[in-house]
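These are the residues of each chain, in order.
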Amino acid sequence: MPWSDDCTVDSESSRYACVVPETDENPSQDRPQAGRRPNTDISALAVTATFAVVVFSIFLGVFGPRIGNRPGFTVGVPLGELAVAVESRHGERIVNAIHAAPRSVLTAEEAQSKLKSILTTEVVLPELERSARWISVDAVALPGGRAAVLFAQFRVDGRTEYATTCIFNDEDRFTVYDTFGRPIGLPDGEVFAIEPPSEFGGTTIVAWRNGALVWVLASGSQELLESFEAMIHAANPTRALVREVQVPPMSSVSD
């Protein structure tokens, strides 16, 4: 190798080292590549999206409703929806009773036996007057589940009136609204009256929960509805529904 001013000799090892000059054909190894750039750039889109999420979260926390005031999901069937379905079944039975061939009436024992085969809870049917009769007892699928549906015919002031009775095994399926508009379960012992839109002269629906059963009555006669409701209450006195309440152990209760 030709001697150069860039070469030095090691006196102990008699070796020499040369510094190779930088040229276009032999660029310096320490020079950063022109195409390389430190990976320190942050996407402007990501920054903008993160900032928007933070601003929205702050806005929702300040101006949004508190968690306790936010409406929850209603579990169950609103009583108004059930009333519309019962009114429809009541109207269908009236049409069949008027236009279909006369059907043999059911005795009180037959109606009671059919009712027992549908429901798991014992129900006592009221004794009807001589001018009234049970026409049918069926198991019908309605909003909220399977129900026993009884259809009866009455004579009121010289005219024929009808009443439909639906009985459910209570499983907290139905909801009503309290004075603040919040959905709650159907309370025990309270009677609710509803007048859904009807094509049969204005049908009124009354519903209540009695212990382990939910009763729903439908009729176009207010007088018949009130007297029939009283007869059912007399035959099935209101029984308190006992619900278990979990109490934490005494050791976990602070003084």
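From a predicted model like this one, the values you see are computed outputs, not experimental measurements. (Residues numbered from 1 in each chain as written. Predicted model: local features only at pLDDT ≥ 70, side-chain atom pairs only at ≥ 80, totals over all residues. Heavy atoms only, no water.)

What about the overall build of the protein chain?
Of the regular secondary structure elements, the protein chain holds 4 helices and 11 strands. When each of the 255 residues of the protein chain is scored for burial, the buried share is 30%. Counting contacts in the protein chain only where the partners sit at least 6 residues apart, residues at least 24 apart contribute 53% of the total. In the structure as shown, the protein chain presents an accessible area of about 17800 Å², 55% of it carried by carbon and sulfur atoms. (Helix = DSSP H or I, 4+ residues; strand = E, 2+ residues; numbered from the N terminus. Buried < 20%, exposed > 50% of the residue type's maximum accessible area, 1.4 Å probe, protein only. Contact = heavy atoms within 4.5 Å. Areas by Shrake-Rupley, 256 points an atom, 1.4 Å probe, with all protein chains shown as cover.)

Some points on the nonpolar core
Counting residues in hydrophobic clusters, the biggest one holds 26 residues, and the most contacted among them are Leu115, Trp134, Phe154 and Ile167. Breaking this core down by element, the ones donating at least two residues are α3 (108-118), β4 (133-142), β5 (145-156), β6 (159-169), β10 (204-210), β11 (213-219) and α4 (222-235). Sorting elements by how many residues they give to this core places β5 first, with 5 residues. Ala147, Val149, Phe174 and Val214 belong to the second-largest nonpolar core, a separate cluster that totals 20 residues. (Core = buried A, V, L, I, M, F, W, Y, C linked by side-chain atoms within 4.5 Å.)

Considering the sheet that holds β5
Pairing is antiparallel in the open sheet, where 6 strands are placed in the order β4-β5-β6-β11-β10-β9. A strand with exactly one partner marks an edge of an open sheet, and here the two such strands are β4 and β9 (191-194). Ignoring which end each strand starts from, the neighbouring axes of this sheet average 20° apart. Pairing analysis gives 7 bridges linking β6 to β11, with the strands arranged antiparallel. Of the residues in β11, the one forming a bridge with Ile167 is Trp215. (Pairing = 2+ DSSP bridges. Axes fitted to C-alpha atoms, helices over the stretch in contact; angles between N-to-C directions.)

Concerning the pairing of β11
Among the 7 residues that make up β11, 7 are buried, leaving the element largely enclosed by the rest of the structure. Neither face of β11 is exposed, since Leu213, Trp215, Leu217 and Ser219 on one face and Val214, Val216 and Ala218 on the opposite face are all buried. Pairing of β10 with β11, which is carried by 7 bridges, proceeds in the antiparallel orientation. The partner of Asn210 across the bridge, within β11, is Leu213. Connecting β10 to the next strand, β11, in antiparallel fashion are 2 residues, including Gly211 with a positive phi near 65°.

Remarks on the environment of Leu225
Relative to the elements of secondary structure, Leu225 occurs in helix α4. Separated by 21 residues in sequence, Leu225 and Thr204 place their C-alpha atoms 8.1 Å apart. If we ignore the near neighbours within four places in the chain, the residues touching Leu225 are Thr204, Val206, Leu217, Ala218 and Ser219.

Remarks on α3
Residue pairs spaced three or four apart in an α-helix point in one direction, given the helix's 3.6 residues per turn. Burial in α3 covers these residues: Ala111, Leu115 and Ile118. The arc that holds the buried residues of α3, viewed along the axis, is 60°, so those residues lie on one side. Across from the buried face of α3, at angles greater than 90 degrees, the exposed residues are Glu109, Lys116 and Ser117. Against the buried residues of α3 lie β4, β5 and β6. (Arc of directions from axis to C-beta.)

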